[in-house]
Amino acid sequence: MSAEFTLQANVINLFSNTITPATVHVAAGRVRQIVPLGPTAPDPALPYALPGFVDAHVHVESSLLVPSEFARLAVVHGTVATVSDPHEIGNVLGVAGVKYMLANAARVPFKFCFGAPSCVPATPFETAGAEITAADIELLFRDHPEIGYLAEMMNWPGVLNRDELVMEKIRLAQQYNRPVDGHAPGLRGEQARHYAAAGISTDHECFTAEEALDKLAVGMKILIREGSAARNFEALIDLLPEHYEHLMFCSDDKHPDTLVLGHINQLVQRAVARGQHVLHVLRVACRNPVEHYRLPVGLLREGDPADFIVVDDLTDFRVRQTYLNGELVAENGENRIPAVPVEVVNNFTAHQVQAGDFAVKSEKSKGANLSSDTVQTNNQQLTTDNQSPTIRLIECFDGQLITARLDEPARVENGLVVPDLSRDILKLTVVNRYHAAPPAVAFIRGFGLQGGALASSVGHDSHNITAVGCDDESLARAVQLVMDARGGLAVVTPEGEELVLPLPVAGLMSDQSGPAVAAAYTALDTAAKQLGSPLQAPFMTLSFMALLVIPSLKLSDKGLFDGEAFRFVEAVV
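Before going into details, it helps to say that this report is about the structure given with it. (Residues numbered from 1 in each chain as written. Predicted model: local features only at pLDDT ≥ 70, side-chain atom pairs only at ≥ 80, totals over all residues. Heavy atoms only, no water.)

What follows deals with the overall build of the protein chain. A count of helices and strands for the protein chain gives 16 helices and 32 strands. Relative to the globule expectation of 25 Å for 573 residues, the C-alpha radius of gyration of the protein chain, 25 Å, shows essentially globular dimensions. Each of the 573 residues in the protein chain was classed as buried or not, and the buried ones make up 62%. Restricting to contacts in the protein chain with at least 6 residues of sequence separation, those with at least 24 account for 68%. Within the structure as shown, the protein chain displays about 20300 Å² of accessible surface, and the carbon and sulfur contribution to it stands at 48%. Separation between the mean location of the 43 positive side-chain charges and that of the 68 negative ones in the protein chain comes to 3 Å. (Helix = DSSP H or I, 4+ residues; strand = E, 2+ residues; numbered from the N terminus. Rg over C-alpha atoms; globule rule 2.2 N^0.38 Å. Buried < 20%, exposed > 50% of the residue type's maximum accessible area, 1.4 Å probe, protein only. Contact = heavy atoms within 4.5 Å. Areas by Shrake-Rupley, 256 points an atom, 1.4 Å probe, with all protein chains shown as cover. Lys, Arg positive; Asp, Glu negative; His and termini not counted. Charge placed at Lys NZ, Arg CZ, Asp CG, Glu CD.)

Helix packing for two helices is described by the angle between their axes and how far apart those axes are. The geometry of helix α12 (residues 264-273) relative to helix α13 (residues 278-292) is characterised by a closest axis approach of 10 Å and an angle of 155° between their N-to-C directions. In terms of orientation, α12 lies roughly antiparallel with respect to α13. α13 is crossed by α12, and the crossing has right-handed handedness. Contacts from Ile264, Val268, Ala271 and Val272 of α12 reach α13 at Val278, Val281, Leu282 and Ala285. Across the contact of α12 with α13, the residue classes tally to eight nonpolar, no polar and no charged. (Axes fitted to C-alpha atoms, helices over the stretch in contact; angles between N-to-C directions. Parallel < 35°, antiparallel > 145°, perpendicular 65-115°, else oblique. Left-handed = near helix turned anticlockwise from the far one by under 90°. Nonpolar A, V, L, I, M, F, W, Y, C, P; charged D, E, K, R; others polar.)

All right, on to the packing of aromatic side chains then. By convention here, two paired aromatic rings are described through the distance between centres and the angle between planes. With the rule as written, the count across this model stands at 14 aromatic pairs. Look at Tyr149 and Tyr293: their rings are 5.4 Å apart centre to centre, the planes differ by 65°, and that puts the pair in the edge-to-face class. Of this pair, Tyr149 sits in strand β8 (residues 147-153) while Tyr293 is found in the loop between α13 and β13 (308-311), placing the two residues 144 residues apart along the sequence. Assigned by exposure class, Tyr149 and Tyr293 land together as buried. On the numbers, 5.5 Å between centres and 80° between planes, the contact of Phe561 with Phe568 is edge-to-face. Here Phe568 falls in the partly exposed class, since its relative accessible area comes to 33%. (Phe/Tyr/Trp six-rings, centres within 6.5 Å; stacked < 30°, edge-to-face > 60°.)

Let's shift gears to the sheet that holds strand β7 (residues 111-116). Spatial ordering of the open sheet is given by β5-β6-β7-β8-β9, a layout of five strands whose pairing is parallel. Each end of this open sheet is capped by a strand with a single partner; those strands are β5 (53-58) and β9 (180-182). Neighbour-to-neighbour, the strand axes of the sheet open up by a mean angle of 25°, direction not taken into account. Examined bridge by bridge, β7 and β8 share three bridges and lie parallel to one another. The residue bridging Gly115 from the neighbouring strand is Tyr149, located in β8. In the packing of helix α3 (residues 95-105) onto the sheet, the strands contacted are β7 and β8, and the crossing angle to β7 comes to about 170°. Most of the contacts of α12 go to β5, to which it runs at about 110°, and overall it touches β5 and β6 (79-84). (Pairing = 2+ DSSP bridges.)

Further remarks concern the environment of Ser68. For Ser68, the location among the structural elements is in helix α1 (residues 67-74). Placed 38 residues apart in sequence, Ser68 and Ala106 show a C-alpha to C-alpha distance of 8.2 Å. Apart from residues no more than four positions distant in its own chain, Ser68 is found in contact with Asn104, Val108 and Val340.

Turning our attention to empty space enclosed by the protein. What the rule picks out here adds up to five cavities of 30 Å³ or more. Roughly 80 Å³ of internal volume is contained in the largest cavity. Lining of the largest cavity is provided by 15 residues; of these, His59, Glu152, Asp461, Phe544 and Leu547 occupy positions nearest its centre. When the residues that make up the lining of the largest cavity are grouped by side-chain class, the tally is four nonpolar, four polar and seven charged. (1 Å grid on protein atoms, 1.4 Å probe; cavity = no way out; pocket = protein on both sides within 12 Å on 5 of 7 lines; lining within 4 Å. Points joined across faces, edges and corners; volume = space filled by probe spheres on them.)

Both faces of strand β12 (residues 247-250) are covered, namely the face carrying Leu247 and Phe249 and the face carrying Met248 and Cys250. Note: strand β11 (residues 221-225) against β12, four bridges, orientation parallel. Across the sheet, Ile224 pairs through a bridge with Phe249, a residue of β12.

Below, the discussion takes up the sheet that holds strand β3 (residues 30-36). Within the open sheet, the eight strands sit side by side as β3-β2-β1-β4-β13-β14-β15-β16. Their pairing is mixed. Each edge of the sheet is formed by a strand with only one pairing partner; in this case those strands are β3 and β16 (334-335).

Now for helix α8 (residues 209-217). Every α-helix carries 3.6 residues per turn, so stepping three or four residues along brings you back to the same face. The complete set of buried residues in α8 reads Ala209, Glu211, Ala212, Lys215 and Leu216. Within α8, the buried residues cover an arc of 160° as seen down the axis, which keeps them to one side. Of the surrounding secondary structure, the elements contacted by the buried residues of α8 are α7 (189-197), β10 (202-203), β11, α9 (233-236), α10 (240-243) and β12. Looking one or two places after α8, you find Gly219, whose phi comes out positive at around 95°. (Arc of directions from axis to C-beta.)

A few words now on the pattern of salt bridges. Scanning the model with the defined rule gives 27 salt bridges in all. Between Asp307 and Lys111 there is a salt bridge, with the nearest N and O atoms lying 2.6 Å from each other. Of the two residues, Asp307 is situated in the loop between α13 and β13 and Lys111 in strand β7; the sequence distance between them amounts to 196 residues. Here the two residues Asp307 and Lys111 agree in accessibility, since each one is buried. We note a salt bridge from Arg318 to Asp312, for which the minimum N-O separation is 2.6 Å. (Salt bridge = Lys/Arg side-chain N within 4 Å of Asp/Glu carboxyl O.)

Coordinates in, geometry out; function isn't part of it.
Here it is, written out as structure tokens:
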């Protein structure tokens, strides 16, 4: 039972839109009384008490931390709850993975709301470790009232075509009175209307204001996302003055190095700094997700659970204290939630790989080296001949999940298509981690490596091993390091240095503390950037290069996939 206490602060009421000096009385985990001190204007000598922040859509697994460790970092920044899609561990372990997240989360006072994953596997064009069926979803809804919603419906073509299986999952959510989350990047106009009409209530994939406005117009709530890889805050924040009642903030994917530094509090700071009305910003950050998802989270009203934060001011939002059910869980930058033991569960079949596994033959080159003829491409001169093949090249972008397709002349040596560092053309591979199979190999631009390789068993959505590298030897070594760890992140440098962050929990999460994982991840991130990568989050970007449901060109363990045509294509033509 939490202690009984009182505090004096400028209390923010997000229903009356007032800020009133008052004494807050807390007992038995609830706000028992809020007694005004007399003045109606905020007292500059007092701190501010306000509802805690809520991340309206996040994959906890992407923090590389189990839920209990995620919570211990998040509360320091004033986050009291998340709407969490366990889609990642679901793709590895199925329903058992979802139950793992529920069990670990239940050991800390943080308020997790997990969803029932709607798309496991995400597509039939990749190898996942498990399947979650409509029957499984019904059991999760029936037997676990803490499963609060149907998680992001990524199969938007299935929704538009009213696919029987897709609609059965949505029907189950409606039957059990759960909201349905959306995931429909680029969907606009009549298609957006048709998608929403099926019962989809949110979307966190908008990367333009125009797209968001189309979805708002048909009744959807828009989540402004700012994560470690995908960043849409700047594109969408100016929607807030007119649409603040229908917006929420989310991170979607948050790596541990950035979670150590901040969370939803950073988006609140930025929005207020841009001149947005502070009470409207706080409605987006605090009230809207609680109401939309019907979270058991207090909003600093009499009778509510005592879930609130105390901050110095409404500019920097430095968090003095975070309370959950009246319990002080963080104070002045220090977490007060005890660590809990972490059970290790996994689904990983390790096998040996060799450099030759990643070779890409060029039939058109007939085994010859390039001739002395030249072509001009991207302000570079590439030696080639009339028989040189063309590669379909993935182009990735910093801060975006979408990719572009480029057709480029290949560089061929001894009958093999090879990377061309002068044009930032590297090899990308996805290696099946559930059973031994030949790796899929393609080519990519945007990583900027000048040597070595990166590899990761975090590869949305099926979480096979995804790697990018400058040569086959480095690729093989980086992939093997992940294989040997049965999950993790790895960097191999041209000088032979090897760094590994093991992720023994489903090949997605560490069993270590949040600060330790953040430090280890920072070392790998630094090493990747020292190899030449200009990306803000190279490993996060790498993890999305196998996400087939985000256009336009991605790679699964089965081959190169055109996300617009929804079919496999050849990497070399």
